[in-house]
Structure formats: structure tokens, C-alpha cells
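What follows is the residue order along each chain.
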Amino acid sequence: MLHTLAVLVENHPGVLIRVAGLFARRAYNIDSLTVCQTEDPEVSRMTIVVAGDDQEIEQVRNQLSKLVVVHSVVDLTEKSVVDRELALVRIEFTSETRSDVFQTVDVFRGRVVDMGRSNITVELTGDIEKVDAFVHAIRPYGLLELVRTGKIAIMRSEA
């Protein structure tokens, strides 16, 4: 099962390698990892998606919490969150497939951010399932390049 961990860490050089090294030493593969500065310039937030059962993830959480540079670790997997991923997708088209490609982009609410004679670059934002579905739908037309940010997540506001 995939787990999403929100980890607040000190915003200093070398912190990322320490956290990633912890996963490497335990032979856990990171599915996605995003890091950015928070509203506090001294703190960064890592959103880490990793596969494992509840016991393995609890062990990872405990190990992360022991690192001096880590302020907090929260498993967002079972929590009510808003999550998104950004993808840039370069798609090939011909005169015959052009309208189908643009229609597919519209259905997924993508935005064309660059256009050439025989290809376009589309920006798409959504949950992982939406991005996966778009990639699956567009692949037959000619997927030239795909770049994804990885998942980011934040707790939902209370009603």
C-alpha cells in the first residue's frame, strides 16, 4: 500500500540526503518526493510517497522522528487531504490526429503551454489517478516526453 508522509524538516543543505539515506539504508523505494520551503523560511516540507505495510511505515516514521533535522512526521494516508500532482506532457500529433489530441486535452482540463508544428506541450494538474488516466489516453497519439512533480498533499480545512 502507498503511504503519503508529510515531513517538516529544517531548511538547510544536506537535510534531503539524510532523509533519503534513511530510506535507502532500509531498502525502501520512494515513489515520489517533493520538497519545498514552507511559510516559515527556516522549515521545509517533504511530501514522501512510499510503499509499505502499516508496520513498516510506522518503523520509518519512528526512524525519521529520531533525526535531529526532522520537526514532525505525519502519515496522511488515512486522513482527509487535498492532493495534487503537476505534469508537463509533450504530445505528437498529425493533421489527422490533431483535433483528437486537443479534444482529449480539453476533456482532462489540460492547458497547452507550448506548441510546435507537430507537437504540443500540455500542463495538467490533478490527483495521481487523473494524471495517469490522461497519460493512458494520450499515449496512442504519440507521447514524446513526460515530466511529473510527484504528489503534494495538505490536510483539508475543517468545515
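Here's what I pulled together on the structure shown here. (Residues numbered from 1 in each chain as written. Predicted model: local features only at pLDDT ≥ 70, side-chain atom pairs only at ≥ 80, totals over all residues. Heavy atoms only, no water.)

Structural notes on the packing of helix α3 (residues 98-107) against helix α4 (residues 128-142)
- Between α3 and α4, the least distance of the axes is 10 Å, while the angle of their chain directions is 175°. Judged by the inter-axis angle, α3 sits roughly antiparallel to α4. Counted together, Asp100, Val101, Thr104 and Val105 of α3 and Phe134, Ala137, Ile138 and Tyr141 of α4 form the full contact between these two elements.
- In the contact of α3 with α4, the residues fall into six nonpolar, one polar and one charged. (Axes fitted to C-alpha atoms, helices over the stretch in contact; angles between N-to-C directions. Helix = DSSP H or I, 4+ residues; strand = E, 2+ residues; numbered from the N terminus. Parallel < 35°, antiparallel > 145°, perpendicular 65-115°, else oblique. Contact = heavy atoms within 4.5 Å. Nonpolar A, V, L, I, M, F, W, Y, C, P; charged D, E, K, R; others polar.)

Re the nonpolar core
- Core analysis: the largest hydrophobic core is formed by 18 residues, its most contacted members being Leu5, Val7, Val19, Phe23 and Leu64.
- Looking at this core, the elements that each hand over two or more residues are β1 (2-10), α1 (15-25), β3 (43-51), α2 (54-66) and β4 (70-75).
- When residues of this core are assigned to their parent elements, the largest contribution, four residues, is made by α1.
- When near neighbours in sequence (up to four residues on either side) are disregarded, Val7 contacts Ser44, Arg45, Met46, Ile48, Leu64, Val70, Ser72 and Val73. (Core = buried A, V, L, I, M, F, W, Y, C linked by side-chain atoms within 4.5 Å. Buried < 20%, exposed > 50% of the residue type's maximum accessible area, 1.4 Å probe, protein only.)

Digging into α4
- The terminal C-alpha atoms of α4 lie 21 Å apart, and with 15 residues this matches the ideal 21 Å at 1.5 Å per residue to within 8%.
- By the largest-angle criterion, His136 marks the main kink of α4, which is about 25°, and a proline, Pro140, follows within four residues.
- Where α4 is concerned, the buried positions are Val131, Phe134, Val135, Ile138 and Gly142.
- Buried residues belonging to α4 abut β5 (81-92), α3, β7 (119-126) and β8 (143-148). (Expected span 1.5 Å × (residues − 1). Bend = angle between axes of the 7 residues up to and from the residue.)

What to know about α2
- Between its first and last C-alpha, α2 extends 19 Å over 13 residues, near the 18 Å set by a 1.5 Å rise per residue.
- Along α2, the positions that sit buried rather than exposed are Ile57, Val60 and Leu64. Axial view of α2: buried residues confined to an arc of 55°, hence all on one face. Opposite the packed face of α2, turned more than 90 degrees from it, sit the exposed residues Gln55 and Lys66. (Arc of directions from axis to C-beta.)

Some details on the side chain of Ser32
- Structurally, the position occupied by Ser32 is in strand β2 (residues 30-37).
- Ser32 sits in the buried class, given a relative accessible area of 15%.
- Side-chain polar atoms of Ser32 contact the backbone nitrogen of Lys151, separated by 3.4 Å.
- The residues contacting Ser32, other than those within four sequence positions of it, are Thr47, Ile48, Val49, Gly150 and Lys151. (Polar contact = N/O pair within 3.5 Å; in protein donor to acceptor, adjacent residues only side chain to side chain.)

Description of unusual backbone geometry
- In this model, Ala27 sits at a positive phi of 60°, which is unusual for a non-glycine residue.
- One non-glycine residue, Arg109, lies in positive phi territory at about 60°.
- With respect to the helices, strands and loops of the structure, Arg109 is situated in the loop between α3 and β6 (111-115).

The quantities given are spatial measurements derived from coordinates; they are silent on function.
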